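# Remarks on the overall topology
Residue strings, one per chain:
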Amino acid sequence: MFWFEDFLPEVLVCFSSSLEFLGVLILDTSHCKFQSMEFVSSLLSPFLPSKCINYIGRVYVFNFPIRNYLFDDGGFLLFFFLMIRRPPRSTLFPYTTLFRSEVRDYGAYIHGPKIPGEGGLPVGTSGRALNMLSGGIDSPVAAYRMAKRGLGLDHIHFASPPYTSERAKLKVKALAQLITPYTGSTNLFVVPYTKPQEYIRDNAPDVLFTVLMRRSMMRIANVIAKKQGCEALVTGESLAQVASQTVKALQCTDAAQDLPILRPLIGMDKTEIIETSRHINTFETSILPYEDCCTIFTPPHPKIRPELDEILETEAGMPGLAQLEAEAAENAERIRIRITDDVDFVG
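The written sequence of each chain sets the order in which its residues are numbered from 1. Reporting of local features is limited, given that this is a predicted model, to residues whose pLDDT is at least 70; pairs of side-chain atoms are given and counted only at 80 or more, and all residues count toward the totals for whole chains, interfaces and linings. For the side-chain quantities, the full set of heavy atoms in the structure was used; hydrogens and water were omitted.

### Focus: the packing of helix 7 (residues 209-227) against helix 11 (residues 308-316)
In a pair of packed helices, the angle between the axes and the distance between the axes together describe the arrangement. Defined as follows: Between N-to-C directions, angles cover 0 to 180 degrees, with each direction set by a line fitted to C-alpha atoms, over the stretch in contact for helices. Each helix corresponds to a stretch of at least 4 residues labelled H or I by DSSP, and each strand to a stretch of at least 2 residues labelled E; elements are numbered beginning at the N terminus. Small angles under 35 degrees read as roughly parallel and large ones over 145 as roughly antiparallel, with 65 to 115 read as roughly perpendicular and the rest as oblique. In this description, contact between two residues means that some pair of their heavy atoms is separated by no more than 4.5 Å. Ten residue types, Ala, Val, Leu, Ile, Met, Phe, Trp, Tyr, Cys and Pro, are classed as nonpolar, four, Asp, Glu, Lys and Arg, as charged, and the remainder, Gly among them, as polar.
Packing of helix 7 against helix 11 leaves a shortest axis separation of 11 Å and a crossing angle of 70°. When the interaxial angle is binned, helix 7 and helix 11 end up roughly perpendicular. For the pair helix 7 and helix 11, the contacting residues are Val211, Leu212, Arg215 and Arg219 in the first and Leu308, Ile311, Leu312, Thr314 and Glu315 in the second. Taken together, the residues that form the contact of helix 7 with helix 11 break down as five nonpolar, one polar and three charged.

### Quick look at the pattern of salt bridges
Applicable threshold: Here, a salt bridge means any side-chain nitrogen of Lys or Arg that lies within 4 Å of a carboxyl oxygen of Asp or Glu. The buried label applies to any residue whose accessible area, calculated with a 1.4 Å probe on protein chains only, is under 20% of its type's maximum; exposed applies above 50%, and partly exposed to all values in between.
Counting across every chain of the model gives 15 salt bridges. In this structure, the salt-bridge partner of Glu237 is Arg263, at a minimum N-O distance of 2.4 Å. In this pair, Glu237 is assigned in the loop between strand 9 (232-234) and helix 8 (247-254) and Arg263 in the loop between strand 10 (261-262) and helix 9 (270-279), connecting sequence segments 26 residues apart. In this pair, the class of Glu237 matches that of Arg263, namely buried. Because the salt bridges share partners, they merge into one network encompassing Arg214, Glu237, Asp254 and Arg263.

### Things to note about the layout of surface pockets
To keep things clear, this is the line we draw: Both cavities and pockets are sets of points on a 1 Å grid over the protein atoms alone; in a cavity a 1.4 Å probe fits but cannot get out, in a pocket the set is open with protein on both sides within 12 Å along at least five of seven lines, and lining residues sit with an atom within 4 Å of a point. Grid points are joined across faces, edges and corners, and a volume is the space filled by probe spheres set on the points.
A volume near 740 Å³ is recorded for the largest pocket. Lining the largest pocket are 38 residues, with Ser134, Gln245, Asp292, Cys294 and Thr295 positioned closest to its centre. Of all the secondary-structure elements, those providing two or more residues to the lining of the largest pocket are helix 3 (138-148), strand 7 (152-159) and helix 7. Per-element tally for the lining of the largest pocket: the top contributor is helix 7, with five residues.

Pasting the structure below:
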């Protein structure tokens, strides 16, 4: 504010070593009317930490005529200087409050301490993707992190009854509902995956089962994603967390379809993921003991460094898999998850 320095010598007169200048409120009196200084103080006091409230001093007022090039109605500017008494040296609570002020075309504004938000970008501004929602700890966190980057999301879940229960499906629905404050209203697609999963189990080496299943899921997700206008897939994979998340395994998974696969948790430790899941209120639901299809038929010693050539050779020996995948994608159940709905699942 270039015109403030004209008044600076007069302002500094009121300062002393026992007071600390925190901020200034500049008001146009033709637009803002305050009845008393007590009223001003009452407006400011809620923003001050309770430990420092005892150190509030006085509010000083200075009236100056308004420059014609600032306002046209001949009002007055009020400069409110909030002073705070210097606390004793033994105090554990130093100054913690900063007030800022702005003068705009039609008024002046004061604001106190900033309240941190989630940050990121508005949901939908970065495109749309389909999130693989398994029911574990990782996938809701992955959805949250991508929503922060402005990505609109739908979810896909693979169910394998009778190996997975109706409660497992309701658990996933609850997780999708819990993250709607971050993702907004969304769609949850539940894919009946029993037949493709049994087919892979019966026709492929068990050491390759996990990677073959992941590739199959990616192909089905690709079909649904493109129908929904999604431009990418999102997973909760973290590098080397399990056998299907090694570099070699991820290479084989990526080659199954042509959409980009976004992995926001790829470099996170499990403790970091759990911390975030607690922050978004999904942890307690994620750890409920209901099986999902990713954990059934899991071999005791899966191959952690599969080669793409052997994967393709194995899939060539399963000619019926493509038809089963197409049927699963066609019969997926669409569930609308609205941000206004309540979470009605109790574990």
